[in-house]
Amino acid sequence: MIGSFSRMVPVLFGPGASMHTGLKVKQAGIQKVLCVYDQGIKSAGIADKVIDNLKEAGLKVVIFDEVQPDPSDILINEAAQMAIAEKVDGIVGVGGGSSMDAAKAINVLLTNPAPINFYYVATGNEHKPGKFMVLIPTTAGTGSEATPISVVSDIPTQSKKGVIGPATTAALAIVDPELLLGLPPKVTASTGMDAFSHAVEALTSKGMNPMSDLLAEKAVSLIVENLDKAVKNGSDMAARTNMSFASLIAGMAFSDALVHWGHAIAHTIGAHHHVPHGVGCAVALPAAVEYVADAVPDKVQRVAQAMGLSIPKDLTPLELGIKVADAIRDLNRGVGIPSLKDFIEEDSLEQLVDGAMTDDCAMFGPKQASAKQVLAMIKKAYEY
Ligand SMILES: NC(=O)c1ccc[n+]([C@@H]2O[C@H](COP(=O)([O-])OP(=O)(O)OC[C@H]3O[C@@H](n4cnc5c(N)ncnc54)[C@H](O)[C@@H]3O)[C@@H](O)[C@H]2O)c1
Ligand SMILES: [Fe+2]
């Protein structure tokens, strides 16, 4: 097998790392930087700390603080117009996946003609490199700081689209676990299960390679050992640090290996019903693992090992899949992942099938799925 290990971004990691942002941006020769975040990051006091640090380094700072969850094509196109008018020569995205992905997509339009819709992966259109971009995660979940993809909510088609290329890849990721100390338990749990899904789906994906396997396995173990601690005690610095590292390496793992059915379903649920991304991933993952277990039993076995499960040797692949899926459901319940029943009416589940089957991630499943099989996975996710 030929594997691509090409997706590693440079990383500055550790408690306090974000206080080096100004220095790093300045060293890159930048003078005027766009800082992208949302209102939650502002009220948590994180935005001001980063902005002050940028200003102390002598940089001019332009602010875009109106990122919405699952940022839309419209929001990106409007924010980019403002940034172009301001003639910024660098960009810092600080926040969860929504803020970092917004920064990435805006960066595309700083050096390529609008609109962002023109650069969706499915169009086959490429884009030129953007400006110098630093990404600073404040959740341990998406791993977006380390991935080459920006996920944009496409309003006309009610679906999530990927943009991948040089402008959506950070020049530097600054991962500072101290920024997560105030992350509420519910968001800690759902974003943590997003990272867990990246790792498990990367391990079982069609695009897996030995490097992504290694990173994903370590991420699975770290999350099993630390997520519950981080949810129950948000000030547990060791748990926050381990979760930040797990999220980062899970992001690196799926950058090459890609994710599959769990994310195809979660993206569609998110686009139609605004279910938080991590919740969609958490509930869809057990169904996806069960479904692919007979195609990649050895990999599901490695997931079980990384989770620390004791699995009898004589299980069939299907039994193994059910066992691992049940353990993931237990993990979900332990950290308080809500049911889809809190967000969606059961009679609207069938409307999600088309979206999941045509989502970019569907093609990386280690086995294909018919509409009937996808509906069965969605129903299992609903019953979690
Ligand atoms: N690019 C990628 O590789 C990738 C991977 C997975 C998901 N995504 C995308 O990322 C988005 C989801 O990102 P997310 O799950 O990180 O959620 P998010 O960015 O939407 O943030 C969720 C909420 O938590 C708040 N928050 C974040 N950090 C905080 C902190 N430290 N303290 C207090 N509040 C804080 C935010 O203000 C927001 O209200 C989705 O659009 C998803 O599709 C992208
Ligand atoms: Fe995800």
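Since this is a predicted model, take the numbers as computed values, not measurements.

## Here we look at the site of ligand 1
Within the structure, ligand 1 sits among 28 residues, and Asp70, Gly97, Ser98, Thr138 and Thr147 are positioned closest to it. One of the side-chain nitrogen or oxygen atoms of Thr139 is found 3.0 Å away from an oxygen atom of ligand 1. Here a nitrogen atom of ligand 1 and a side-chain polar atom of Ser144 are 3.2 Å apart. The fraction of the free accessible surface of ligand 1 (870 Å²) that becomes covered by protein chains is 88%. The residue makeup of the shell around ligand 1, split by class, is nine nonpolar, 13 polar and six charged. Composition of the shell around ligand 1 by domain shows at least three residues from each of domain 1 (11–180) and domain 2 (186–383).

## Here's the deal with the domain arrangement of the protein chain
By a widely used convention, the size of an interface equals the accessible area lost when the partners come together. Structurally, the protein chain comprises domain 1 (11–180) and domain 2 (186–383). On a C-alpha basis, the centres of domain 1 and domain 2 stand 26 Å from each other. Contacts between domain 1 and domain 2 engage 21 residues on the former and 23 residues on the latter. At the boundary of domain 1 with domain 2, total buried surface from both sides reaches about 2000 Å², with 62% on carbon and sulfur atoms. The largest contributions to the domain 1 side of the interface with domain 2 come from Ala140, Gln158 and Lys160, which together make up 27% of the buried area. One can count zero salt bridges joining domain 1 with domain 2. At the boundary of domain 1 with domain 2, the tally comes to seven residue pairs in polar contact (both at pLDDT 80 or more). Those elements that place two or more of their residues in the side of domain 1 that touches domain 2 are β1 (11–13) and β7 (159–164).

## Considering the coordination of the iron ion (ligand 2)
Only Asp194 (OD), His198 (NE2), His263 (NE2) and His277 (NE2) from the protein reach the iron ion (ligand 2) as donors, at distances of 2.1 to 2.2 Å. Angles of 82 to 168° at the metal separate the four donor atoms of the iron ion (ligand 2), which places the site in the irregular class.

## Considering helix α6 (residues 185–203)
Over its 19 residues, α6 extends 27 Å from the first C-alpha to the last, a length consistent with the 27 Å expected when each residue adds 1.5 Å. Burial runs high along α6: 16 of the 19 residues are buried.

## Description of the packing of α6 against helix α8 (residues 237–257)
Put simply, α6 and α8 touch, their axes get as near as 8 Å, and they point 40° apart. The angle between the axes of α6 and α8 places the two elements in the oblique class. When you trace α6 past α8, the crossing you get is left-handed. Residue-level contacts link Thr188, Gly192, Ala195, His198, Ala199 and Ala202 of α6 to Arg240, Met243, Ser247, Ala250, Ala253, Phe254 and Ala257 of α8.

## What about a nonpolar patch on the surface?
The grouping of Val11, Phe13 and Phe245 at the surface amounts to a nonpolar patch, some 210 Å² of accessible area in total. By the element assignment, Phe13 lies in strand β1.

## Side note on the pattern of salt bridges
Per the counting criterion, the structure on display carries 13 salt bridges. The residue Glu217 makes a salt bridge to Arg302 at a minimum N-O spacing of 2.7 Å. In this pair, Glu217 is assigned in helix α7 (residues 210–232) and Arg302 in helix α11 (residues 297–307), connecting sequence segments 85 residues apart. Its relative accessible area of 29% is what places Arg302 among the partly exposed residues. Between Asp330 and Arg333 there is a salt bridge, with its nearest N and O atoms 3.4 Å apart. Residue Asp330 and its partner Arg333 are located together in helix α12 (residues 317–334), separated by three residues, close to a single helical turn. Among the residues examined, Arg333 registers a relative accessible area of 47% and is labelled partly exposed. A network of salt bridges, in which partner residues are shared, links Asp213, Glu217, Lys299 and Arg302.

How each quantity is defined
- Residues numbered from 1 in each chain as written.
- Chains lettered and ligands numbered in written order.
- Predicted model: local features only at pLDDT ≥ 70, side-chain atom pairs only at ≥ 80, totals over all residues.
- Heavy atoms only, no water.
- Near = heavy atom within 4 Å.
- Polar contact = N/O pair within 3.5 Å; in protein donor to acceptor, adjacent residues only side chain to side chain.
- Areas by Shrake-Rupley, 256 points an atom, 1.4 Å probe, with all protein chains shown as cover.
- Nonpolar A, V, L, I, M, F, W, Y, C, P; charged D, E, K, R; others polar.
- Domains from an automatic or database assignment.
- Contact = heavy atoms within 4.5 Å.
- Buried area = accessible area lost by both parts, 1.4 Å probe.
- Salt bridge = Lys/Arg side-chain N within 4 Å of Asp/Glu carboxyl O.
- Helix = DSSP H or I, 4+ residues; strand = E, 2+ residues; numbered from the N terminus.
- Donors = N, O, S within 2.8 Å, 3.2 Å for Na, K, Ca; no water.
- Tetrahedral: all angles 85-135°; square planar, octahedral: opposite > 155°, others 65-115°.
- Expected span 1.5 Å × (residues − 1).
- Buried < 20%, exposed > 50% of the residue type's maximum accessible area, 1.4 Å probe, protein only.
- Axes fitted to C-alpha atoms, helices over the stretch in contact; angles between N-to-C directions.
- Parallel < 35°, antiparallel > 145°, perpendicular 65-115°, else oblique.
- Left-handed = near helix turned anticlockwise from the far one by under 90°.
- Patch = residues over 30% accessible without salt bridge, like charges linked within 9 Å, V, L, I, M, F, W, Y side chains within 5 Å.

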